[in-house]
Amino acid sequence: MADGTAPLTRATARLELRGVGKAYPAGEGEVHVLEGVSLRIEPGEFVAIMGASGSGKSTLLNILGCLDCPSEGQYSVAGVEVDFRNPDALARIRRETFGFVFQQYHLIPGMTARQNVEMPATYTGTGRLERRRRAEGLLGRLGLNERLDYRKGQLSGGQQQRVSIARALMNSGRILLADEPTGALDSRSGTEVMALLRELAEQGHTVIVVTHDSRVAAAARRVIEIQDGRIVSDTGIDEAERSETSQLAPSSSGHAIWMRLVEALSAASLALRVNPIRTALTLLGVVVGVASVVVLMAVGEGAKQAVLAQLAVFGTNRLYVAPGSSEQRGPGGTLTEADAAIVREVPGVAAAMPYLKGTVTVRYGNVDHRTNGVAVTEQFSRILNWSVERGAFFTADDERGLAAVALIGRKLERTLFPAGEDSLRKFVLVDNVPFQVIGVLSEKGALTGDADDDDTIVFPFSTGSQRLFGTPYLSWISVLIQDIGKSESVVEAITVALTERHRIKDFDVYNKAASVVAQTETVEIMTSLLTVTAAVSLLVGGIGVMNIMFMTVTERTREIGIRMASGARRRDILWQFLAEAIVLSGVGGTVGLLLGMAAALGAALSGMAVIFSLRAVVSAFGSAVATGILFGYLPARRAANLEPVVALARE
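Residues numbered from 1 in each chain as written. Predicted model: local features only at pLDDT ≥ 70, side-chain atom pairs only at ≥ 80, totals over all residues. Heavy atoms only, no water.

Caption draft 1: Molecular detail of the overall build of the chain. Secondary structure assignment for the chain yields 21 helices and 20 strands. Of all 651 residues assigned to the chain, the portion counted as buried reaches 50%. Counting contacts in the chain only where the partners sit at least 6 residues apart, residues at least 24 apart contribute 78% of the total. Taken as a whole, the chain presents about 29100 Å² of accessible surface, with 55% of it coming from carbon and sulfur. (Helix = DSSP H or I, 4+ residues; strand = E, 2+ residues; numbered from the N terminus. Buried < 20%, exposed > 50% of the residue type's maximum accessible area, 1.4 Å probe, protein only. Contact = heavy atoms within 4.5 Å. Areas by Shrake-Rupley, 256 points an atom, 1.4 Å probe, with all protein chains shown as cover.)

So this is what it looks like as structure tokens:
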């Protein structure tokens, strides 16, 4: 076995104390409760330990049941020395050897009779169906067939004590330890319980009863009297009456992690349903935190993508080369189509286009309209990410042939042409020069927020520069770069190339790509700040979970003691209370996700940019579960570190 103890058999299930003493600190000294107790109890005995209140009989029973540890002396079970320094070994002995019957029954509130009886078997790895079958069989043997689903408050004292006895027998432990089992019962129920214990003793169980009542002790075959921590009399036992047959069936030691987790989660769900109002109030903090994370991450991601969409309208990986210096006393300068050709050859440049802009008057029918005129090359759509909605863009041949063709923006189309009239292939006068409309540009103002972007007419560069604007000098050069991450090096290369041509730096290069990166990073920072703000509310919810879990541990200290007496190891208790915190946070996370998604959907319907992402959902729910683990660990650890005898004595 993992903890170094061997399975017990009826022939070897002997309890032996040698020189055992127990002392408690009191002020600067000690109070001795037991002194030099030596005792051997053989398998199959029915023993009553008698003594007045304060004589040490309950302390002796707790040491026999490995609920308490002696200050001195040795204790062996089935010939194996008990290591009181090993909590897991003690838990295994309690789980596989002993069953406890308490004066106050110690049934766990919120559990049915069947669930109370099943509880010890959850710590042996017994399957759910097998536990249920055995629990129902034991309760049936004790006359509680009709009370399987009754809870503590629905059972009489005698019925509760019988449930307690059934629980003590659940793990096939052959040694029953009963502390004043009739003390809280009326005489009739007390007689029934003692008759039941006598029957179990006759079936081969070792029964040890602590009592101060001589009538209870009279039912035992052996009576040990203790006074002031010492054994003063022992009636002994007739060896011939002792049965040495049959084996104690060792209980399963299988404790698969998944099984422990399932059982812990099941117990956690049951415990949280006991106090639904407090559970709901605790959930509220987690719900609000998770909902805030979902909403703010969705809104933040939507805002980020909206900004990126606006930036992408005219392209993101772009540079502008403008004539003249930005310095106050810098030289003036000009740019020509030849400069655009030089820029086009710079490493890292995907395309470069001369750009000439001016104001023109466009006439169609009896409508005159002043608008933006733009002379560009066929690279316009690629460099500026501005597509054609209807028709087609002009070609390189149109550019070389000074073709009188144009494309118009959607706003200009609506201004010049009556509703329903197709503008394609129509002729318009631009500063009294006729141009044929061959295409309509897609609408940009709806994305950029500036409707004037669509109040535009676009010509081939050669046509615009020679027939309309009458100048070869450019407004700027639009540059498309291959890698936005290398924009700074491309800027430097363009600056060197044009400076060599002009022999002076009479121009400036504006890095739109770097601006896009900076704006993107700014949006990401703002999104992160929103997420952190939401996370703070989740943190507050986590603190609420921790406070409630500490309160829960305090309120359920006796339950912890009962579970430990039934064989629960410290890590079983840790798992249980940690599972409660995780279930609490998980349920809160699920509700928070639903509410957050509903709120974000409402924001989307109101016109806000909202984008749900798997990362946001996973982050929000994962944060909720992590909150349960983080803030549930300390209360769970506190519960796991309680001593069984101290926990059982807590009111």
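Caption draft 2: Main features of the pattern of salt bridges. Applying the stated criterion across every chain, the model contains 34 salt bridges. Across the salt bridge formed by Arg410 and Glu413, the nearest N and O atoms sit 2.6 Å from each other. With Arg410 and Glu413 both in helix H13 (residues 410-416) and 3 residues apart, this pair spans about one turn of that helix. According to the relative accessible area criterion, Arg410 is buried, its value standing at 18%. What emerges from the salt-bridge pattern is a single network uniting Glu389, Arg390, Arg410, Glu413 and Asp422. (Salt bridge = Lys/Arg side-chain N within 4 Å of Asp/Glu carboxyl O.)

Caption draft 3: Spotlight on the sheet that holds strand S6 (residues 98-101). In spatial order, the strands read S6-S7-S8-S3-S9-S10; together these 6 strands make up an open sheet with mixed pairing. Taken across any chain shown, the strands that pair with only one partner, and hence form the sheet edges, are S6 and strand S10 (230-234). Going across the sheet, the axis of each strand differs from the next one's by a mean of 20 degrees, ignoring polarity. Running at roughly 80 degrees to S6, helix H2 (residues 87-97) makes contact with S6 and strand S7 (175-179) of the sheet. (Pairing = 2+ DSSP bridges. Axes fitted to C-alpha atoms, helices over the stretch in contact; angles between N-to-C directions.)

Caption draft 4: Representation of the pairing of strand S16 (residues 427-430) in the model. Only one face of S16 is buried, namely the one carrying Val428 and Val430, since none of Phe427 and Leu429 on the opposite face is buried. Taken together, the 2 bridges between strand S12 (residues 349-364) and S16 define a ladder with antiparallel strand orientation. Among the inter-strand pairings, Val362 is bridged to a residue of S16, identified as Val430. Sheet analysis places S16 next to strand S17 (residues 433-441), joined by 4 bridges and oriented antiparallel. When the bridges of S17 are listed, Val430 appears paired with Val433. A loop of 2 residues connects S16 with S17, the two strands running antiparallel in sequence, and Asp431 in this loop sits at a positive phi of about 50 degrees.

Caption draft 5: Expanded view of the nonpolar core. Of all hydrophobic cores here, the largest spans 66 residues; its most connected members are Tyr75 and Ile208. Among residues more than four places away in sequence, those in contact with Tyr75 are Leu15, Glu16, Leu17, Ile63, Leu64, Cys66, Val80, Glu81, Val82, Phe84 and Phe98. (Core = buried A, V, L, I, M, F, W, Y, C linked by side-chain atoms within 4.5 Å.)

Caption draft 6: Here's a closer look at the sheet that holds strand S1 (residues 15-26). Within the open sheet, the 4 strands sit side by side as S2-S1-S4-S5. Their pairing is antiparallel. Here the strands that pair on one side only, and so sit at the sheet edges, are strand S2 (29-41) and strand S5 (80-81). Examined bridge by bridge, S1 and S2 share 9 bridges and lie antiparallel to one another. In the strand pairing of S2, Tyr24 is matched with Val31. On top of the sheet, helix H1 (residues 57-64) reaches S1, S2 and strand S4 (72-77); it is set at about 120 degrees to S1, its chief contact.

Caption draft 7: Layout of helix H15 (residues 461-468). Most of H15 sits out of view: 6 of its 8 residues are buried. Within H15 the residues assigned to the buried category are Phe461, Ser462, Thr463, Gly464, Ser465 and Leu468.

Caption draft 8: Structural context of a nonpolar patch on the surface. On the surface, Ile525, Met526 and Leu529 cluster together into a nonpolar patch covering about 300 Å² of accessible area. Mapped onto the secondary structure, Ile525 falls in helix H17 (residues 512-555). Assessed through its relative accessible area of 51%, Ile525 is described here as exposed. (Patch = residues over 30% accessible without salt bridge, like charges linked within 9 Å, V, L, I, M, F, W, Y side chains within 5 Å.)

Caption draft 9: Fine view of the packing of helix H10 (residues 337-344) against helix H16 (residues 487-502). Where H10 contacts H16, the axes come no closer than 10 Å and their chain directions differ by 140 degrees. Taken together, the axes of H10 and H16 are oblique relative to one another. For the pair H10 and H16, the crossing hand works out as right-handed. Taken together, the residues of H16 that come into contact with H10 (itself represented by Ala338, Asp339, Ile342 and Val343) are Ile494, Ala497, Leu498, Arg501 and His502. Split by residue class, the contact of H10 with H16 holds 6 nonpolar, 1 polar and 2 charged. (Parallel < 35°, antiparallel > 145°, perpendicular 65-115°, else oblique. Left-handed = near helix turned anticlockwise from the far one by under 90°. Nonpolar A, V, L, I, M, F, W, Y, C, P; charged D, E, K, R; others polar.)

Caption draft 10: View of the packing of helix H5 (residues 157-169) against helix H6 (residues 187-202). As a packed pair, H5 and H6 sit with axes 9 Å apart at the nearest point and diverge in direction by 20 degrees. Taken together, the axis directions place H5 and H6 in an arrangement best described as roughly parallel. Between H5 and H6 lies a crossing whose hand is right-handed. Taking contact as the criterion, the partners of Gly158, Gln161, Arg162, Ile165 and Leu169 in H5 are, on H6, Ser189, Val193, Leu196, Leu197 and Leu200. Looking at side-chain class alone, the contact of H5 with H6 contains 6 nonpolar, 3 polar and 1 charged residues.

Keep in mind these values describe shape, not function.
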